[in-house]
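# Structure at a glance
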Amino acid sequence: YQDTMLKTLTIDFGFHISRYYKSYLQTHKTKRYWLYAPGENAKYWDEFYDKGIMAIGWEELGDLSDYIEREDLVNAFNQVYGEKNRPNDVSCNDDFANKMNIGDVVFVKKGRRKVLGYGIVTSDYYYDKNRKYYNSIRNVNWKIKGEWEHPGDAVLKTLTDITPYTQYVEKLKTLFNMQANPYQ
């Protein structure tokens, strides 16, 4: 009886600690900043802005939540596209589905020289099988739309976590008069 009781208490305690820890992690996540291209030459920007979404392609991969580990995604890329060593594409999909969080800030770019706006991520990743293209989606509260000169040359990748580049992030925030709080 004592062993069974101890086992039950241990499982129950572990469950509550696990729930608390997950809640703590959700609350104390570091906000990330992303640079994002809504299609080649930003061709989907108007649609995505109007619908309050951001999306990425690679439709042949299907629902990104089907890939448990990053290595599964790498294998899928190799199988579907027949090419090896596509680290930027794998990172884009993995970051979009697994690393981006609600509350993150997304700056939208067009090519290497224009910034088109910014917004705040408001949903987790989801897959919309009814869309004909760009089925991997997140909802975004777009804050502003226009066209500004990008400070220097932007990277060519579809999605880039620019959080570690604090001076660069500050330049983009200044472009939009974002103070410490991007929600204003």
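Throughout what follows, the structure given in this document is the object of discussion.

## Comments concerning the packing of aromatic side chains
Within this structure, the stated rule accounts for 15 aromatic pairs. Ring pairing ties together the aromatic residues Tyr33, Phe107, Tyr118, Trp148 and Phe176, which thus form one cluster. The ring of Tyr133 carries the charged tip of Arg131 above its face, separated from the ring centre by 5.0 Å.

## With respect to the pairing of strand β6 (residues 136-149)
Taken residue by residue, a regular strand's side chains alternate between the two faces of the sheet. Direction of pairing for strand β2 (residues 53-56) relative to β6: antiparallel, over a ladder of 4 bridges. Its bridge partner being in β6, Ile56 is matched across the sheet by Ser136. Bridging between strand β4 (residues 114-121) and β6 involves 7 bridges; their strand directions are antiparallel. Note that in β6 the partner of Gly117 across the bridge is Lys145. With 2 bridges joining them, strand β5 (residues 126-127) and β6 adopt antiparallel strand pairing. Bridged to Tyr127 within β6 is Ser136.

## Here we look at the pattern of salt bridges
Any two side chains of opposite charge can pair if their charged atoms end up close together. Enumeration according to the criterion identifies 12 salt bridges in this entry. Measuring nitrogen to oxygen at the nearest pair gives 3.2 Å for the salt bridge that ties Glu47 to Lys51. With Glu47 and Lys51 both in helix α2 (residues 45-51) and 4 residues apart, this pair spans about one turn of that helix. Since its relative accessible area comes to 51%, Lys51 is described here as exposed. The residue Asp153 makes a salt bridge to Arg113 at a minimum N-O spacing of 2.8 Å. With Asp153 in the loop between β6 and β7 (159-161) and Arg113 in the loop between β3 (105-110) and β4, the pair connects residues that are 40 residues apart, well separated along the chain. Because the salt bridges share partners, they merge into one network encompassing Arg70, Asp94, Asp95 and Lys99.

## Notes on the pairing of β3
The element β3 is largely enclosed, with a buried count of 5 among its 6 residues. Bridging between strand β1 (residues 33-36) and β3 involves 4 bridges; their strand directions are parallel. Its bridge partner being in β3, Trp34 is matched across the sheet by Val106. Strand direction decides the pairing type here: β3 and β4, joined by 6 bridges, are antiparallel. Residue Phe107 lies in a different strand from β4, and its bridge partner there is Tyr118.

## Focus on the environment of Asn101
Structurally, Asn101 can be placed in the loop between α4 (87-99) and β3. Take Asn101: its relative accessible area is 15%, and that puts it in the buried class. Sequence spacing of Asn101 and Val121 is 20 residues, and the spatial spacing of their C-alpha atoms is 6.9 Å. Here the side chain of Asn101 touches Lys99 through a polar contact of 3.3 Å, landing on its backbone oxygen.

## Concerning the environment of Val108
Relative to the helices and strands, Val108 is located in strand β3. On the basis of relative accessible area, Val108 is assigned to the buried category, the value being 0%. Residues Val108 and Lys145 lie 37 residues apart in sequence; the distance between their C-alpha atoms is 9.2 Å. Excluding its chain neighbours within four sequence positions, the residues that come into contact with Val108 are Tyr36, Pro38, Trp45, Lys114, Val115, Leu116, Gly117 and Trp142.

## Section: the packing of helix α3 (residues 70-81) against α4
Running from amino to carboxyl end, α3 crosses α4 at an angle of 135 degrees, the nearest separation of the two axes being 10 Å. Between α3 and α4, the angle falls in the class oblique. The two elements α3 and α4 meet at a crossing, and its hand is right-handed. Side by side, α3 and α4 meet where Arg70, Leu73, Val74 and Phe77 of the first sit next to Pro87, Asp89, Val90, Ser91, Asn93, Asp94 and Lys99 of the second. When the residues that make up the contact of α3 with α4 are grouped by side-chain class, the tally is 5 nonpolar, 2 polar and 4 charged.

About the thresholds
- Residues numbered from 1 in each chain as written.
- Predicted model: local features only at pLDDT ≥ 70, side-chain atom pairs only at ≥ 80, totals over all residues.
- Heavy atoms only, no water.
- Phe/Tyr/Trp six-rings, centres within 6.5 Å; stacked < 30°, edge-to-face > 60°.
- Lys NZ or Arg CZ within 6 Å of the ring centre and 35° of its normal.
- Pairing = 2+ DSSP bridges.
- Helix = DSSP H or I, 4+ residues; strand = E, 2+ residues; numbered from the N terminus.
- Salt bridge = Lys/Arg side-chain N within 4 Å of Asp/Glu carboxyl O.
- Buried < 20%, exposed > 50% of the residue type's maximum accessible area, 1.4 Å probe, protein only.
- Polar contact = N/O pair within 3.5 Å; in protein donor to acceptor, adjacent residues only side chain to side chain.
- Contact = heavy atoms within 4.5 Å.
- Axes fitted to C-alpha atoms, helices over the stretch in contact; angles between N-to-C directions.
- Parallel < 35°, antiparallel > 145°, perpendicular 65-115°, else oblique.
- Left-handed = near helix turned anticlockwise from the far one by under 90°.
- Nonpolar A, V, L, I, M, F, W, Y, C, P; charged D, E, K, R; others polar.

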